[in-house]
Amino acid sequence: MPEKYVERVLLTKDEIQKRVISLGQQISNDYAGKELLLICVLKGAVVFLSDLMREITVPVFIDFMAVSSYGAATESSGIVRILKDLDCSIDNRHCLIVEDIIDTGLTLLYLKENLLSRKPASLKIVTLLDKPDRRRVDIEPDYCGFRIADEFVVGYGLDFNERYRFLPDVCVLGEK
Ligand code: IMP
C-alpha cells in the first residue's frame, strides 16, 4: 500500500472559523423561536459540532450517532451499520444532522431514512464539506460549509485510519 502524507492545506483554520460563524448565524435565523437537536455523526464531525454549537443562538441539545465508516480504505463500501445509536428520542423534535463530509452520500441517505422513521418534527442536514462529484445517491445538504474537489482530506476532525484528526486545518492527503 503506498504511504500517505499530508500534501497541502486546503482550508485554513481561519477560513473554517469564518464559515462556521456564518453557518451558525444562518441556522439561528432559520430556527428562531425553536429548540434544536444537533445529531453529530461520530467521530469526524465532533470538531465541527463543538465550534458550530457555540455559534447558534437558539437553545441547542446534542446527541451522537456512530456509523461504520471506511475503516482503512478511502472508498465507501455502501454498507452502513449503526455502531452507536442516539441516547434520546427525536419524536416531534427539530433535528439537524451534523456531518463532517458528504462523499458518495450513502451514509447520509441511510441515516436520513433511519431518523425520519422516528418521526421528528423536522430533519435537516449540515455538512462542513461536500464532494458533489462523487455522489452516488440523490441527497443534498441543507447547509454546507465548503464544496471541494474529489480529493481525500484530513484534519479538523477528519481522519485517515484514525490519524490526522487533530490538525487545525483541512488538508489534502497525498500518496508517496
Ligand atoms: P459517504 O457515505 O461516501 O458519503 O461517506 C461519508 C463518510 O466517509 C464521512 O462521514 C467520512 O467519515 C468519510 N469520508 C468521506 N470522504 C472523506 C475524506 O475525504 N476524508 C475523510 N473521511 C472521508
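Residues numbered from 1 in each chain as written. Predicted model: local features only at pLDDT ≥ 70, side-chain atom pairs only at ≥ 80, totals over all residues. Heavy atoms only, no water.

A. A look at the sheet that holds strand S8 (residues 153–154). Here we have three strands laid out as an open sheet, ordered S1-S9-S8, and antiparallel in their pairing. Looking at which strands have only one partner, the edges of the open sheet turn out to be strand S1 (4–11) and S8. Across six bridges, S1 lies against strand S9 (residues 170–175) in antiparallel orientation. Paired with Leu 11 across the two strands is Val 170, which belongs to S9. (Pairing = 2+ DSSP bridges. Helix = DSSP H or I, 4+ residues; strand = E, 2+ residues; numbered from the N terminus.)

B. Structural detail: the nonpolar core. One finds Ile 27, Phe 48, Val 126 and Leu 129 to be the most contacted residues of the largest nonpolar core, which totals 29 residues. Breaking this core down by element, the ones donating at least two residues are helix H1 (13–30), strand S2 (36–42), helix H2 (46–52), strand S5 (94–102), strand S6 (122–130), strand S7 (143–147) and S9. The biggest single contributor to this core is H1, with four residues. Setting aside chain neighbours within four positions, we find Leu 129 in contact with Leu 11, Asp 100, Ile 101, Ile 102, Phe 146, Ile 148, Val 153, Leu 158 and Val 170. Among the nonpolar cores identified, the runner-up in size contains 19 residues, and Val 41, Leu 115, Ile 125 and Ile 139 belong to it. (Core = buried A, V, L, I, M, F, W, Y, C linked by side-chain atoms within 4.5 Å. Buried < 20%, exposed > 50% of the residue type's maximum accessible area, 1.4 Å probe, protein only. Contact = heavy atoms within 4.5 Å.)

C. Local environment of the side chain of Asp 130. If you trace the backbone, Asp 130 turns up in strand S6. For Asp 130, a relative accessible area of 0% corresponds to the buried category. One polar contact links Asp 130 to Arg 135, side chain to side chain, over a distance of 2.7 Å. In contact with Asp 130, other than residues within four places in its own chain, are Ile 102, Arg 135, Glu 140, Pro 141, Cys 144, Phe 146, Arg 147 and Ile 148. (Polar contact = N/O pair within 3.5 Å; in protein donor to acceptor, adjacent residues only side chain to side chain.)

D. Quick look at the pairing of strand S3 (residues 60–67). Pairing of S2 with S3, which is carried by seven bridges, proceeds in the parallel orientation. In the sheet register, Leu 38 faces S3, and the bridge partner there is Ile 62. Note that S3 and strand S4 (residues 82–84) share two bridges and pair antiparallel. By the bridge assignment, Val 67 is partnered in S4 with Ile 82.

E. Examining the environment of Ile 82 more closely. Mapped onto the elements, Ile 82 comes out in strand S4. Discounting residues that sit within four places of it in the chain, Ile 82 has contacts with Met 65, Ala 66, Val 67, Tyr 110, Asn 114 and Arg 118.

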